[in-house]
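Residue-level listing of the chains:
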Amino acid sequence: MADELVLGSARGRMALIATVAASAMASLDATVVNVALPHIGKDLNATVSQLQWVLTGYLVSLASLILLGGALGDRFGRRKVFLIGVVWFAAASVLCGAAPDIGMLIAARVLEGVGGALLTPGSLAILQASFRQADRAPAVGAWSGLGGVAGAIGPFVGGWLVDGPGWRWAFFINVPVAALAVVLTLRAVPESRDPHASGRLDYTGAALAVVGLAASTWALTEGGTRGWTDPAVLAAAALAAAAIGAFVWRILHARHPLVPPSLFKSRPFTVVNVATVLLYGALGVAFFLVAYELQVASGWSALRAGTALLPVTVIMLVGSRASGALAQRIGPRPQLTVGPLLAGAGLLLLTRVGPHTTWVTDVLPGAVVFGLGLVTFVAPLTATVMAAADPEHVSVASGVNNAVARTASLSALAVVPAAAGLSTAMGADEVTTAYRTGLVIVAVLAAAASPVAAFGLSPKVRAPRSARVRHCALDGPPLQPDPRRCPAPVPAGLGASTA
C-alpha cells in the first residue's frame, strides 16, 4: 500500500499520538470519574445507586455499541468514524461538566459512551491498517503501553482536578485532548476500510445487543435495592435473556452478522476473551471500591486517594517492556496464569484499608502486589487477541474484546457493591465492612482467570513474530531492529485494547 505509515517518520508519530490521545481520553475519563464520585454525590445530592449509574450509564452505551462502532469503521472508513467519535465524546464531556443535576449527568454520560464506542475500536484498527507490516506490532504496543499509563494515572489526575478546580473539570479537560487528536488525525492518518465488506450492516444485531445489555444492567443494579423478586426487575431480566438469546441466534444465522462467528473458531481468541471477562470484571470495580473507601471511610482528600495507588503506575512504567519481551519468548500462557493470581493477592492485601489507614502499612503492600499482577497479565492480553484475528476483521475483533471488557466491568459495578452491602452502608464502619467484602469478591474473580488461561491456552501459542521487530526510538531515525536488544513495546492497555 503506497500510503503506509512508517513508525519512525513524522506522520507515523503524529498518527500514533492521535490514536493514543483519543483512547487515553476515554481511559482517563473512566478512571478520573471514580475519584470524583464522592464529590459529585455531595454536590448533586446523589445516592450511591445514582452514582453507580454515573459509571454504568457510560459503560452500557459503550459496551453495547462498540461492536457497531467497529463494524462502521470497517465499512465506511476507520478514520471517518474515529473522528466522529472523538468530536462526539468531547461534546458529551462538555454536557457532563455543565450538568445541573444527577439525572442530566447520567444522561450525558450515556451520550459520552456513544462517542467512546465509535472512537475506541477505531484507534487500534487505524494502527493495524495504516502502518507498514514491520511497524504494526510496535505501533500497537506503544499505543497499548501509553494508553495503559494514561489509565493508571487517572486517579492522580482526578484527585488533582477534584481538589483543585472541581469535579466538573474532570470532564472539561477532555476538550483540548480531543482537539489535539482531531488535528493530528486530519494531518497524518490515511483512510482505510475493509475491502471485502458487503451487504447491509447488521443493525438488528446491534439493537439486540443494546436492549440485552441495558436491560440486564438495569436488573442487576436495581435488584440489590428493589429486591430480586420485584416485578420490574424480573421483567427486565426476562427481556435481557430474550434479547441476548436472539443476538446469539442472529450472529450464527444472519448473512452479514455484526460479529462473524469465525472469530470464535480461534481457541486463543475465545480463551483470552473469557479471561478478560474475569479480569476486567474485577478491575472495573476494584478501583471504584478503593477510591470510595479512602474518601468516605478513611477521610482522605480526593488527591490523596487518587495518588494512593501510584505504585501501580510506576510498576507498569518500569516493568511493561520486560513483561512484553518475556511474553514473546515464552508465550502468553505463563503470564496469563500467574498475573491474575498476583492481582488477586494484591486485592486481598488492600482489604487492610479502613477508617484509620496509613499508606505505608495498609495501602503500599497491596498496591505493589496488585501492580505486579497487572504488569504481568496485561502485556500478552491485547497482543494475543489481535494476533488471533484476520486483518479484515481487526476492528470487529478489537470491538469484541472491548465489549467483553466493558460488559464485565459494568456487570461487576452493578452487582458487587449491592452484594457487598455498600449501597446501603451508613457510617465509616459499615462502609469498610462492605468494602472489604467487595474486595474479597473481586479478588476471587480475578484469580479465577488463572486456570482459564492455564488449561485453555496451548503452550505453543506465541505472540506474532512481527511483534519482535521495532524501532528503538520514536523520536529519531529508525535503528536496525534487533529482537534481543530492542523488544517490542508492551500491550499494557487497561481497557483490553483499552478504555
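Described below are features of the structure shown in this document. No experiment lies behind these values; they were computed from the predicted model shown.

Quick notes on the rules
Residues numbered from 1 in each chain as written. Predicted model: local features only at pLDDT ≥ 70, side-chain atom pairs only at ≥ 80, totals over all residues. Heavy atoms only, no water. Helix = DSSP H or I, 4+ residues; strand = E, 2+ residues; numbered from the N terminus. Contact = heavy atoms within 4.5 Å. Areas by Shrake-Rupley, 256 points an atom, 1.4 Å probe, with all protein chains shown as cover. Phe/Tyr/Trp six-rings, centres within 6.5 Å; stacked < 30°, edge-to-face > 60°. Buried < 20%, exposed > 50% of the residue type's maximum accessible area, 1.4 Å probe, protein only. Lys NZ or Arg CZ within 6 Å of the ring centre and 35° of its normal. Patch = residues over 30% accessible without salt bridge, like charges linked within 9 Å, V, L, I, M, F, W, Y side chains within 5 Å. Salt bridge = Lys/Arg side-chain N within 4 Å of Asp/Glu carboxyl O. Core = buried A, V, L, I, M, F, W, Y, C linked by side-chain atoms within 4.5 Å. Axes fitted to C-alpha atoms, helices over the stretch in contact; angles between N-to-C directions. Parallel < 35°, antiparallel > 145°, perpendicular 65-115°, else oblique. Nonpolar A, V, L, I, M, F, W, Y, C, P; charged D, E, K, R; others polar. Expected span 1.5 Å × (residues − 1).

1. Topic: the overall build of the chain
Each helix and strand in the chain was counted, giving 17 helices and 0 strands. In the chain, the share of contacts with a sequence separation of at least 24, taken over all contacts with a separation of at least 6, comes to 84%. Summed over all atoms, the accessible surface of the chain reaches about 18,500 Å², with 68% contributed by carbon and sulfur.

2. Digging into the packing of aromatic side chains
A full pass over the atoms with the stated rule returns 6 aromatic pairs. Between the aromatic rings of tyrosine 58 and phenylalanine 89, the centroid separation amounts to 6.4 Å while the plane-to-plane angle is 85 degrees, which identifies the pairing as edge-to-face. With tyrosine 58 in helix α2 (residues 48-76) and phenylalanine 89 in helix α3 (residues 78-97), this residue pair connects regions lying 31 residues apart in the sequence. Accessibility assignment for this pair places tyrosine 58 and phenylalanine 89 in one class, buried. Positioned over the ring face of tryptophan 300 is arginine 304, at 3.8 Å from the centre of the ring.

3. Quick look at a nonpolar patch on the surface
There is a patch of nonpolar side chains on the surface, built from Phe156, Leu310, Val314, Leu317 and Val318 and spanning about 460 Å² of accessible area. Counting residues per element, the nonpolar patch draws most heavily on helix α12 (residues 310-330), which supplies 4 residues. Locating valine 314 in the fold gives a position in helix α12. The class for valine 314 is partly exposed, based on a relative accessible area of 44%.

4. What to know about the pattern of salt bridges
Oppositely charged side chains are able to pair whenever their charged atoms sit close together. Counted according to the given criterion, the structure contains 3 salt bridges. Notably, a salt bridge pairs glutamate 112 with arginine 109, separated by 2.8 Å at the nearest N-O pair. Of this pair, glutamate 112 and arginine 109 both sit in helix α4 (residues 102-130), 3 residues apart, roughly one helical turn. For the residue pair glutamate 112 and arginine 109, the accessibility class agrees, reading buried in each case. Arginine 250 serves as the salt-bridge partner of aspartate 202, at 2.5 Å between the closest nitrogen and oxygen. You can see aspartate 202 sitting in the loop between α7 (174-188) and α8 (203-226) and its partner arginine 250 sitting in helix α9 (residues 231-253), a full 48 residues away along the chain. By relative accessible area, which is 3% here, aspartate 202 ends up buried.

5. With respect to the nonpolar core
Of all hydrophobic cores here, the largest spans 133 residues; its most connected members are Ile40, Val86, Leu105 and Phe288. In terms of residues, this core owes the most to one element, helix α10 (residues 267-296), which gives 17 residues. If we skip the residues at most four places from it in the chain, isoleucine 40 touches Asn45, Leu51, Ile102, Leu105 and Trp167.

6. What to know about the side chain of threonine 185
Looking at the secondary structure, you find threonine 185 in helix α7. When near neighbours in sequence (up to four residues on either side) are disregarded, threonine 185 contacts Ala18, Arg79, Phe82 and Leu83.

7. A few points about the environment of isoleucine 441
Examined against the element boundaries, isoleucine 441 turns out to sit in helix α16 (residues 427-447). Note on isoleucine 441: relative accessible area 35%, which makes it partly exposed. For the pair isoleucine 441 and glycine 344, spaced 97 residues apart in the sequence, the C-alpha separation amounts to 9.6 Å.

8. Notes on the packing of α2 against α3
Their axes nearest at 8 Å, the elements α2 and α3 cross at an angle of 150 degrees. Comparing the axis directions of α2 and α3 gives the class roughly antiparallel. From α2, Tyr58, Gly69, Leu72, Gly73, Asp74 and Phe76 reach across to α3, where they touch Arg78, Lys80, Val81 and Phe89. Residue composition of the contact of α2 with α3, grouped by class: 5 nonpolar, 2 polar and 3 charged.

9. Points about α10
Compared with the 44 Å implied by 1.5 Å per residue over 30 residues, the 44 Å span of α10 between its first and last C-alpha is a close match. The element α10 is largely enclosed, with a buried count of 24 among its 30 residues.

10. Remarks on unusual backbone geometry
The backbone of asparagine 45 sits at a positive phi, close to 55 degrees, despite the residue not being glycine. Relative to the assigned elements, asparagine 45 resides in the loop between α1 (10-44) and α2. For asparagine 45, a relative accessible area of 70% corresponds to the exposed category.

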